[in-house]
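# Structure assessment
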Amino acid sequence: MIKILSFLKYLIPFTLLLFAAQYYGTATWSAHHDFFNATWSIYLFLFVSTFLIYLLLLFVNLNFPDFTGFAFLGTTFVKMMAAVVFLIPLIQSEGRETNLDIAAFFIPYFLFLLFETIFAVRLINKR
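## A word on the UniProt feature "transmembrane region" (unreviewed entry) in the protein
On the UniProt side, "transmembrane region" (unreviewed entry) is annotated at positions that read residues 7–25, 40–60, 67–91 and 103–124 here. Helix makes up 100% of residues 7–25 and strand makes up 0%, while its end C-alpha atoms are separated by 27 Å. Helix makes up 100% of residues 40–60 and strand 0%, with an end-to-end C-alpha separation of 30 Å.

## Examining the packing of aromatic side chains
Applying the stated criterion across every chain yields a total of 21 aromatic pairs. An angle of 75 degrees between the planes, with centres 5.6 Å apart, marks the rings of F106 and Y109 as edge-to-face. A residue pair is termed a helical-turn pair when its members lie 3 or 4 positions apart in one helix, as F106 and Y109 do in helix α4 (residues 99–125) at three residues. For F106, a relative accessible area of 25% corresponds to the partly exposed category. Their ring planes at 80 degrees and their centres at 5.3 Å tell us that Y109 and F110 sit as a pair that is edge-to-face. For R122, the ring lying beneath its charged end belongs to F119, and the centroid distance is 4.9 Å.

## Concerning the nonpolar core
Membership of the largest hydrophobic core comes to 27 residues, with the highest contact counts inside it found for F7, L11, L57 and F105. Elements that contribute at least two residues to this core include exactly α1 (2–29), α2 (39–63), α3 (68–92) and α4.

## Brief notes about the packing of α2 against α4
Two numbers describe how α2 lies on α4: the axes approach to 10 Å, and their chain directions differ by 20 degrees. By the criterion of interaxial angle, the relationship of α2 to α4 is roughly parallel. With respect to the hand of their crossing, α2 and α4 are arranged in right-handed fashion. From α2, I42, Y43, F45, L46, F47, T50, I53, Y54, L57, L58 and N61 reach across to α4, where they touch A104, F105, P108, Y109, F112, F115, E116, F119, A120, L123 and I124.

## Focus: α1
For α1, which comprises 28 residues, the first-to-last C-alpha distance of 40 Å matches the rise-based estimate of 40 Å (1.5 Å per residue) to within 8%. All buried positions along α1 are accounted for by I4, F7, L8, L11, T15, L18, Q22 and T26. On its buried face, α1 is in contact with α2 and α4.

What counts, and where the lines are drawn
Residues numbered from 1 in each chain as written. Predicted model: local features only at pLDDT ≥ 70, side-chain atom pairs only at ≥ 80, totals over all residues. Heavy atoms only, no water. UniProt positions renumbered as here; feature names shortened; annotations may be inferred. Helix = DSSP H or I, 4+ residues; strand = E, 2+ residues; numbered from the N terminus. Phe/Tyr/Trp six-rings, centres within 6.5 Å; stacked < 30°, edge-to-face > 60°. Buried < 20%, exposed > 50% of the residue type's maximum accessible area, 1.4 Å probe, protein only. Lys NZ or Arg CZ within 6 Å of the ring centre and 35° of its normal. Core = buried A, V, L, I, M, F, W, Y, C linked by side-chain atoms within 4.5 Å. Axes fitted to C-alpha atoms, helices over the stretch in contact; angles between N-to-C directions. Parallel < 35°, antiparallel > 145°, perpendicular 65-115°, else oblique. Left-handed = near helix turned anticlockwise from the far one by under 90°. Contact = heavy atoms within 4.5 Å. Expected span 1.5 Å × (residues − 1).

Written out as structure tokens, the structure is:
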């Protein structure tokens, strides 16, 4: 439970800071571009998926510590596929300029991936 609270102590401010920055950025660009996904939906997806991945990594680390790295790779792959499913409506939309929409999703996606990687490495090294 302590590891979960410690993780949330970093994840929540990280999410709120990135959300505020992107919300301000999309509000500035919204006069020129109508974004397909709302900023809150992107961050809700990323926050929930990151938290669930960390919970699964904690479970694997507790029960099968030698497989924590493999669990991280597997959950990262599943998250990548979930991101594609999340973006299918955008990809299938016709007559839209999608470059900004895709950047608005994948820039925070990779920042959250970096965040997950840092905590996964910490978890693996503490065994």
